[in-house]
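# Coordinates in review
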Amino acid sequence: MSPKRLALRGDLVDFTADPGLDQTTGAGVRYRPDHWLLVENGVIVGAQLHEPGAGWARADHRGRLILPGFIDTHVHSAQVDVIGSWGTQLLDWLDTHTFPAETRMADPAHAAAISALFTDALLAHGTTAACVYPSVHKVSVDALFAAAQQRGMRLIGGKVLMDRNAPEAVRDDVDGAERDCHVLIETWHGQGRLAYAVTPRFAPTSTDAQLAMAGRLLASTPGLYMQTHVAENEAEVRWAAELFPQARSYLDVYARFGLLNERAVLGHGIWLDDTDRALLRDTGAQIAFCPSSNLFLGSGLFGWSAARDAGVNVSLASDVGGGTSLSMRRTMLDAYKVQALAGQKVSAFALLHAATRGAAHALRLGHEIGSFDVGATADLCIWDWARSPLAQRRQQVARDLHEKLFAWITLGDEQDLAETWVAGERRFERPAAPH
Ligand SMILES: [Zn+2]
């Protein structure tokens, strides 16, 4: 069979190396204005200035920005019903909003509908890969993976583990959870672009016995991920210290149960110390920085530069429903604002890198996602540089690529997204404006 060849024209921006946190000079940035990105059977095979010859299907997006698909490293599919809920901090947020929403995921029809809506919404924000928490119910995991598989997405997820300090409808027990996880790993892990993550919600909702089981699971199969929350909120940190008096710190609870490795993704990590950061660096675990959620729930301000100086991998995440948008652009802007409060100016390059190549490398998936390297899977999003008169004016007067990209992050929204492609297939197209 002859290969399926596709050429996409636009302004290509991706990264070949880490651009640093505050550099605006463009080291590590690959900018190829008005180029054709060449895709063969869903894989990137090159990029060139001249139009390719016969035998190439064309998608002409000249004047538009083409980026690698965004990677959201911490997001809750089960919480789409509670996004934008008023008036709580983490622990009462869980009781008031989250647990009731997650309870409904026990119903297979509801879980399927929410998973379809959620994965479509990711694509409609330019996100093609994500680390996702469904709920404690096995059916919610099956529904999530099925929806992602249908759309060809690179998705990491797993059954939420919670065997204490939660209402009965969202609680499991060690034996039942272990059985469910083995079946889920067998069914989904390594199937196409799906990978399983052992997913204790956070230390306070798991017993020692369950965390030990999670450690056994993680060791049982190569390539499994681990995702959880750590040190998001000060009251939560105090609670974890009461529940695990033997641990040196909240993060140390996870280390003690063998849960930190190079495929571990820990949400938040606001209230960490130098010893914690050294532990993250030494284990290769990453922090998913969730600025929108941290601001919305009043959790605190993550120290990106301290983490970076300590050698910790940091990616960006929406944390919907604590976060207020699935948009990685809004997440980038919130990340910029959080760092600005600490006197640190983060470049547009650093923000975009964290949401693409940086996350891919931290997930050990740099060969597959996060860039337009030859051999990478063709996951990408195609954006208007500007649509409103104000944003268009701002782009016209921007003097260089950094200024253009920073204004793009700041002024736009998801309405600017023209198309999203996953593995060389168009999976989202902006609906035509009503007449
Ligand atoms: Zn979360």
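Residues numbered from 1 in each chain as written. Predicted model: local features only at pLDDT ≥ 70, side-chain atom pairs only at ≥ 80, totals over all residues. Heavy atoms only, no water.

Taken as a class, soluble globular proteins show a tendency for nonpolar side chains to be buried jointly. Counting 111 residues, the largest nonpolar core has Phe 70, Leu 266 and Trp 304 as its most contacted members. Counting residues in hydrophobic clusters, the runner-up holds 16 residues, among them Cys 131, Ala 197, Tyr 225 and Ile 369. (Core = buried A, V, L, I, M, F, W, Y, C linked by side-chain atoms within 4.5 Å. Buried < 20%, exposed > 50% of the residue type's maximum accessible area, 1.4 Å probe, protein only.)

It is worth spelling out helix 8 (residues 274-283) at this point. Along helix 8, the positions that sit buried rather than exposed are Asp 276, Arg 277 and Leu 280. Looking straight down helix 8, one finds its buried side chains confined to an arc of 100°; they lie on one side. Away from its buried face, by an angle of more than 90 degrees, helix 8 presents the exposed residues Asp 274 and Asp 282. Its buried side turned inward, helix 8 meets helix 7 (250-256), strand 11 (264-268), strand 12 (286-289) and helix 10 (304-309). (Helix = DSSP H or I, 4+ residues; strand = E, 2+ residues; numbered from the N terminus. Arc of directions from axis to C-beta. Contact = heavy atoms within 4.5 Å.)

We now examine the pattern of salt bridges. Within the structure shown, the criterion is met by 36 salt bridges. In this structure, Glu 262 and Arg 263 form a salt bridge, with 3.4 Å as the shortest nitrogen-oxygen distance. The class of Arg 263 is partly exposed, set by a relative accessible area of 22%. The shortest N-O distance in the salt bridge between Glu 403 and Arg 394 comes to 3.2 Å. Ionic contacts of the salt-bridge type, sharing partners, join the residues Arg 64, Arg 329, Asp 384, Arg 387, Asp 416 and Arg 430 into one network. (Salt bridge = Lys/Arg side-chain N within 4 Å of Asp/Glu carboxyl O.)

Okay, helix 4 (residues 174-188) next. An ideal rise of 1.5 Å per residue puts 21 Å on 15 residues; helix 4 measures up with 21 Å between its terminal C-alpha atoms. Residues of helix 4 that are buried: Val 174, Gly 176, Ala 177, Glu 178, Cys 181, Leu 184, Ile 185 and Trp 188. Where helix 4 is buried, its residues touch helix 3 (138-151), strand 8 (160-161), strand 9 (194-200) and helix 5 (208-220). Taking the backbone nitrogen of Asp 175 as reference, a side-chain oxygen 3.3 Å away marks Asp 173 as the first, capping residue of helix 4. Just downstream of helix 4, Gly 190 is the residue with a positive phi angle, here 80°. (Expected span 1.5 Å × (residues − 1). Polar contact = N/O pair within 3.5 Å; in protein donor to acceptor, adjacent residues only side chain to side chain.)

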